[in-house]
Amino acid sequence: SQTIHQWPATLVQPVGSPLSLECTVEGTSNPNLYWYRQAAGRGLQLLFYSVGIGQISSEVPQNLSASRPQDRQFILSSKKLLLSDSGFYLCAWSSTGLRSYEQYFGPGTRLTVT
Amino acid sequence: AQSVAQPEDQVNVAEGNPLTVKCTYSVSGNPYLFWYVQYPNRGLQFLLKYITGDNLVKGSYGFEAEFNKSQTSFHLKKPSALVSDSALYFCAVRDRDAGNNRKLIWGLGTSLAVNP
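So, a few notes on the structure that sits alongside this text. The shown structure was predicted, so the numbers you read here are calculated from the model rather than taken from an experiment. (Residues numbered from 1 in each chain as written. Chains lettered and ligands numbered in written order. Predicted model: local features only at pLDDT ≥ 70, side-chain atom pairs only at ≥ 80, totals over all residues. Heavy atoms only, no water.)

1. Topic: the pairing of strand β9 (residues 73–78) of chain B
Residues and elements named next belong to chain B. When you tally the buried positions in β9, you get five out of six residues, the bulk of the element. Both strand β3 (residues 19–21) and β9 contribute to a ladder of three bridges, which runs antiparallel. Within the sheet, the bridge partner assigned to Thr-20 lies in β9 and is Lys-77. Pairing of strand β8 (residues 64–68) with β9, which is carried by five bridges, proceeds in the antiparallel orientation. By the bridge assignment for β9, Asn-68 is matched with Ser-73. Hairpin connection of β8 to β9: four residues between the antiparallel strands, including Thr-72 at a positive phi of 45°. (Buried < 20%, exposed > 50% of the residue type's maximum accessible area, 1.4 Å probe, protein only. Helix = DSSP H or I, 4+ residues; strand = E, 2+ residues; numbered from the N terminus. Pairing = 2+ DSSP bridges.)

2. Here we look at the pattern of salt bridges
All names here are of chain B. As enumerated under the stated definition, the model contains seven salt bridges over all chains in all. The shortest N-O distance in the salt bridge between Glu-64 and Lys-58 comes to 2.8 Å. Judged by its relative accessible area of 63%, Lys-58 falls in the exposed class. (Salt bridge = Lys/Arg side-chain N within 4 Å of Asp/Glu carboxyl O.)

3. A look at the interface of chain B and chain A
Across the boundary between the two partners, chain B contributes 23 residues, which contact 25 residues of chain A. In this assembly, chain B packs against chain A so that about 1,800 Å² is buried in total across both faces, 52% of it on carbon and sulfur atoms. Linking chain B with chain A are three salt bridges, by the criterion used here. The shortest N-O distance in the salt bridge between Glu102(A) and Lys49(B) comes to 3.0 Å. The interface formed by chain B and chain A includes seven residue pairs in polar contact (both at pLDDT 80 or more). Residue assignment for the side of chain B that touches chain A shows that the elements contributing at least two residues are β5 (31–38), β6 (44–50), β10 (87–95) and β12 (110–115) of chain B. Considering every element that reaches the side of chain B that touches chain A, the biggest residue donor is β5(B), with four residues. (Contact = heavy atoms within 4.5 Å. Buried area = accessible area lost by both parts, 1.4 Å probe. Polar contact = N/O pair within 3.5 Å; in protein donor to acceptor, adjacent residues only side chain to side chain.)

Laid out in structure tokens, this is it:
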């Protein structure tokens, strides 16, 4: 069966510090991968999605970047964090098969920028 | 433009009563529709989906949803609510005619509170 991991679970970082959040998927190959941010316990904002190694699409201009160095690894980064980067970051995957439909989410990372 | 509306920020229901969480959508083509649940400080869990076929779809934890094309709605229902159903519920849509675009359009979520 497929599983998705995210770490760390929680993170407190000062303004101006770098960020690296990691997401890995097991039990599937060539998944579509997604990074979302959820602010203030509500709506989901799609930040990045990837259909393959090195292929990243950015949904909103921002202080963050994403990379996919391996098929089942998706990394969210920032060189200098802003207060507004605080939030709950969720990674998700979906199959690329013809009958793929839903996305499956990881447990999330709670980021607090101080 | 594609969109999803969840018109109620919060729904309150007594334990044992039926519950409904509303969702309406707008897509240019035919929709794929989804419901997810999120417990505090957790990731989203997939509940159910409508792809094609029977308009009434059944999902996890006793939930079901009815696809109504004329009303462009996909309301989530459960015949008898449990206190443990209290959570944040998200509706999402994907345009099946959008080719390789697998992105989902999300509603803002509805907070369900089931009172004992």
